[in-house]
Each structure stands twice: as structure tokens, then as C-alpha cells.
Amino acid sequence: MPIEPDSPVSRRKLGIVGIVAVVAAVLVVVTGIRAREEANARLREWTDNQAIPTVAVVLPDARALSATLDLPGRLEAYYRAPIFARVSGYLKGWSADIGAKVRTGQVIAEIEAPDLDQQLLQARADLASAEASARLSAATLERRKTLIASNFVSMQEIDERSADLSNKKAAVKSGQANVERLEALAGYKKITAPFDGVVTARDTDVGALINAGGGSGPPMFVVSDISRLRVYVNVPQSYVPAIRIGAKAVISMPEYPNRTFDATVEASSQSVDVSSGTTRMQLGLDNPKGELMPGGYANVRLSLARDTVPLHIPASALIFNGNGLRVATVGADDRVKFKTITIARDLGKDIELGSGISPDDRVIIAPPDGLSDGDQVRIAGAKPRKTEPAKVSEKQDGRG
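(A) Structural context of the pairing of strand β14 (residues 297-303). Burial along β14 is one-sided: the residues Ala298, Val300 and Leu302 are buried and none of Tyr297, Asn299, Arg301 and Ser303 is. Across seven bridges, strand β3 (residues 68-83) lies against β14 in antiparallel orientation. Residue pairing in the sheet places Leu71 in a bridge with Val300 of β14. Taken together, the four bridges between strand β11 (residues 248-253) and β14 define a ladder with antiparallel strand orientation. Note that in β14 the partner of Ser252 across the bridge is Asn299.

In C-alpha cells form, the structure reads like this:
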């Protein structure tokens, strides 16, 4: 039986439909609002996350990256003797040129000294005269003594003759000493090698005027013993305690690119040069074949002895500004803390630190610009912290 449009049943059905429509509309509005709130929450969380910089950190490396120190050095002969003339004259001749090997006492040059020769002749004549006078005085004294018994001479005269004889003997000794002195000088007319070695310099020639002494002009010859060399190197003050006497070193030379030579630290000047801040150290180097030349440049690799292993960090972690040289570290609360450091050695990509940080400090490898003390950061690769907003966000994302 058909229902009348204006009947009570028809009106009830229309009311139910209206209620359902209103409820559906409310549900749609509520769902939209909630979806928008969830989207806004996710946007705020993403924005906050983007505001926190992400950094990569590294712990200071306690490995000894390099237990050696490379420094420039200079080779010198173990013994080097500049030879000057002891007598004046003219060079009569020389027999050893540069590069010649000489032996101890070998004559390498001869000087012609006529003035000295004449002085020696005069001294010998004076000595002969003094000896004759002494003999005459001695004979006279003996004769006078034989006349004492006859009272022909007095004791006063005997004393005078005795004193005269003593004076004559002293004159003989003086003349003898003068002759020996001039003979010694005459011996220096021959220039000899003081030790076995090589003539490394010759600055004279036949006929050259020779002046006695070494006060003016270059030496006539330089003889060097190159069977063993000294290597001199200037070590920065901070490394001196790590280089001990007896430490080993490796020498490399530009003329021998594929070879190295062993050396040993022999001495230290035990002082710091105020102009360079370095300490001069001496190394001994055997050179039996004479391959290495004195005066040459050498690269010296010194072995370092350390009581503790130094810390190393990447060079990119350094920050230098008005506050000095610092690094940025991340604390346990993921907040930035700057620390002032000192550099012991710059090894290129790595920096050896002298002080400032501990092995447990997390150092930011490449600090971003604008980073300040106390800023919160996120460590790259670390798991996010379990905070309440993160849990709500995860639940919301799970529902979505």
C-alpha cells in the first residue's frame, strides 16, 4: 500500500535522512580538520628538524701518524782545515790542486822566503860570536883562579869573572833559542797536509805574494776529511725533547733520489737561537766512498721519541677567528662547545695537537658557518632521540 507524501511515516524517513546527512557532513569536517592538524604538526616537526644543523663528528685519533720529522740540513766535513802561511814570501810552487787526495805531512806547496833565510844566517853568526865570547870568559876565569894562591888577584875579580861567564852563557842560550825559532819558521816554508783528506779549495798560484798569518785574505788551501761528515740541522724548539742523543736519522740527497744514508744524532747546542726559535743539532754520517760532498743540501728525517701518543684531528675541523684557534665539539646533550687548542705539527690533512682536547671529545669535522656555543646539533648517522613529540608523530604517521 503506497505511503502518502504528507504522512507521518514519510516525514520520519526524511528526518532520519537529514540527520544522517548532517552527521556525515560533521564527520567530513572533523576528519578534514584533524588531517590538517596532523599535516601542520608534521610540517612543524620537519621545520624544527631542518633548523637543527646536522654535523659529522670524529673522535681524536691517538695513533702516531708519523714518528719522524723531516727538516733541511747541511753537510760539512768532519775535519776541515783552512791553511794559511806562517812565513812571508812568494809561492815557489804547489803540487796539490782541488780534489787531490793528500796524506798527513805531504808537501802541497813551498814558499820562497829570502828575508827569513838572511835572518837565520844572521842568528847563526850571532850565536857563534856569543859562543866564542863565552869560551874566552871561561878561559880567563880559569887563569885567574890559578893566581889566587899567590894573592895576585882578589876574590872580587874572581866574582866579576864568574858573573861575566854566566852572562856569556845566557847570551849563548838566547842565541841558540833564536836560531831554533828561525829554523822552525823556515820549516813552514813547506806547506804540508795536516791530516788525510781532500784539497777542497786552492786560492793561490806560483809567484803570488804570501803574507804570514791568517788575518787578511782567504786561506791558501783548504783540506777536508770527508770520510765522515757532520750534518747540521736546526730543530724547532717544540721538538727538541723528542730528539735524543743517539737517535737514528735517515739522510736523502737530491743527487741520489733513490738512495738513503743512515746517520746518528751526536750532539745538541743545548740552546735556542732567538732569531729562529730552533736548536742546532749535529749528526754523524759515514762517507767511506766519498760519494757525499761537504756543503751539500740534505733532507734529514729524524726519529722522534715520545712519552705519550699525541692526538690528531682532521685539518678541516680547525676554526680560526678573533677568539683564536679552536675546534667545535659536541657534548653529551648534543650541544656545541668550543675548545681552544694548540698545534704541535701540521701534517697536511691531519693536525697533531699539543693541547686543548681529550680523547673522548667528539670533534665536528667541518663546522658550519654561524655555529655558536650551546647550539643544538644533530650528529650524522646517529639515531634520533626518543622524545614525546617524536612518539606522537610516529603514531600519527602510522595512522596515516
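Having put the structure on the table, let's press on.
(B) Inspection of helix α3 (residues 155-187) at higher detail. With 33 residues, α3 should reach 48 Å at 1.5 Å per residue; the first-to-last C-alpha distance of 48 Å fits that figure. Along α3, the residues classified as buried are Ile158, Leu165, Val172, Gly175, Val179, Leu182, Leu185 and Ala186.

(C) Main features of the packing of aromatic side chains. The final tally for this structure, using the stated rule, is three aromatic pairs. Between Tyr78 and Tyr79, the aromatic rings sit 5.4 Å apart at their centres with planes inclined by 80°, giving edge-to-face as the arrangement. Exposure remark for Tyr79: the relative accessible area of 45% places this residue in the partly exposed category. Grouping aromatic residues by their ring pairs yields a cluster made of Tyr78, Tyr79 and Phe195. Against the face of Tyr188 rests Arg86, its NZ or CZ located 5.3 Å from the ring centre. We note Arg230 situated over the ring of Tyr78; from NZ or CZ to the ring centre the distance is 3.8 Å.

(D) Seen up close, helix α2 (residues 114-146). Spanning 33 residues, α2 covers 49 Å between terminal C-alpha atoms, matching the ideal 48 Å at 1.5 Å per step. Those residues of α2 lying buried are Leu116, Leu120, Ala123, Leu127, Ala130, Ala134, Ser137, Thr140 and Leu141. As for α2, its buried residues are in contact with α3.

(E) Representation of the sheet that holds strand β19 (residues 342-346) within the structure. Spatially, three strands are ordered β15-β20-β19 in an open sheet, and the strand pairing comes out antiparallel. This sheet does not close on itself; its edge strands, each paired only once, are β15 (312-314) and β19. Neighbour to neighbour, the strand axes of the sheet diverge by 40° on average, direction disregarded. Of the strand pairs in this sheet, β15 and strand β20 (residues 350-355) are connected by three bridges, and their pairing is antiparallel. Its bridge partner lying in β20, Ile313 is registered against Ile351.

(F) Layout of the confidence of the model for the protein chain. Overall, the prediction assigns the protein chain a mean pLDDT of 83, with 85% of residues at 70 or greater. For the protein chain, the element scoring lowest by mean pLDDT is helix α4 (residues 388-399), at 39; strand β13 (residues 278-286) scores highest, at 95. Low pLDDT, under 50, characterises residues 385-400; the stretch is placed with ten contacts to residues that sit more than four places away or in other chains.

(G) Up close: the side chain of Lys339. Tracing the backbone shows Lys339 in strand β18 (residues 336-340). Among the polar contacts made by the side chain of Lys339, one reaches the side chain of Asp361 at a distance of 2.9 Å.

(H) Representation of the pairing of strand β12 (residues 256-268) within the structure. As defined by bridge partners, β11 adjoins β12 across six bridges and the pair is classed as antiparallel. Residue Ser252 lies in a different strand from β12, and its bridge partner there is Thr260. In this structure, the hairpin formed by β11 and β12 is closed by a connection of two residues. Looking at chain direction, β12 and β13 are connected through four bridges and run antiparallel. When the bridges of β13 are listed, Ser268 appears paired with Met281.

(I) Just the nonpolar core, in detail. If you look at the biggest cluster of nonpolar residues, it comprises 30 residues, and the most contacted ones within it are Val102, Ile108, Ile111, Leu116, Ile191, Met220 and Phe221. Among the elements of the structure, β3, β6 (107-112), α2, α3 and β10 (221-236) are those that each provide at least two residues to this core. It is α2 that contributes the most residues to this core, six residues altogether. Look past the residues within four positions of Leu116 in its chain and what remains in contact with it is Val87, Leu182, Leu185, Ala186 and Lys189. Core analysis: the second largest hydrophobic core is formed by 28 residues, Leu75, Ala242, Ala247 and Ala263 among them.

(J) Main features of the pattern of salt bridges. The final tally for this structure, using the stated rule, is eleven salt bridges. With its nearest N and O atoms 3.0 Å apart, the salt bridge here joins Asp117 to Lys189. Here Lys189 lies in the loop between α3 and β7 (190-192) and Asp117 lies in helix α2, a separation of 72 residues in the sequence. In this structure Lys189 comes out as buried when scored by relative accessible area, which is 19%. Among the ionic pairs, Asp361 bridges to Lys339, the shortest N-O distance being 2.9 Å. Remark: Lys339 occurs in strand β18 and Asp361 occurs in the loop between β20 and β21 (362-364); sequence separation between them is 22 residues. When salt bridges with common partners are traced through the structure, they connect Arg228, Glu266 and Asp286 into a single cluster.

(K) Local environment of unusual backbone geometry. In this structure, Gln270 is a non-glycine residue whose phi angle is positive, near 55°. Tracing the sequence through the fold places Gln270 in the loop between β12 and β13. Taking the relative accessible area as the measure of exposure, Gln270 reaches 68% and is therefore exposed. Here the phi dihedral of Asp334 falls at roughly 60°; this positive angle occurs in a residue that is not glycine. As for its placement among the helices and strands, Asp334 is situated in the loop between β17 (324-330) and β18. Asp334 gets classed as buried once you look at its relative accessible area, which sits at 15%.

Rules and cut-offs
- Residues numbered from 1 in each chain as written.
- Predicted model: local features only at pLDDT ≥ 70, side-chain atom pairs only at ≥ 80, totals over all residues.
- Heavy atoms only, no water.
- Buried < 20%, exposed > 50% of the residue type's maximum accessible area, 1.4 Å probe, protein only.
- Helix = DSSP H or I, 4+ residues; strand = E, 2+ residues; numbered from the N terminus.
- Pairing = 2+ DSSP bridges.
- Expected span 1.5 Å × (residues − 1).
- Phe/Tyr/Trp six-rings, centres within 6.5 Å; stacked < 30°, edge-to-face > 60°.
- Lys NZ or Arg CZ within 6 Å of the ring centre and 35° of its normal.
- Contact = heavy atoms within 4.5 Å.
- Axes fitted to C-alpha atoms, helices over the stretch in contact; angles between N-to-C directions.
- pLDDT = per-residue confidence, 0-100.
- Polar contact = N/O pair within 3.5 Å; in protein donor to acceptor, adjacent residues only side chain to side chain.
- Core = buried A, V, L, I, M, F, W, Y, C linked by side-chain atoms within 4.5 Å.
- Salt bridge = Lys/Arg side-chain N within 4 Å of Asp/Glu carboxyl O.

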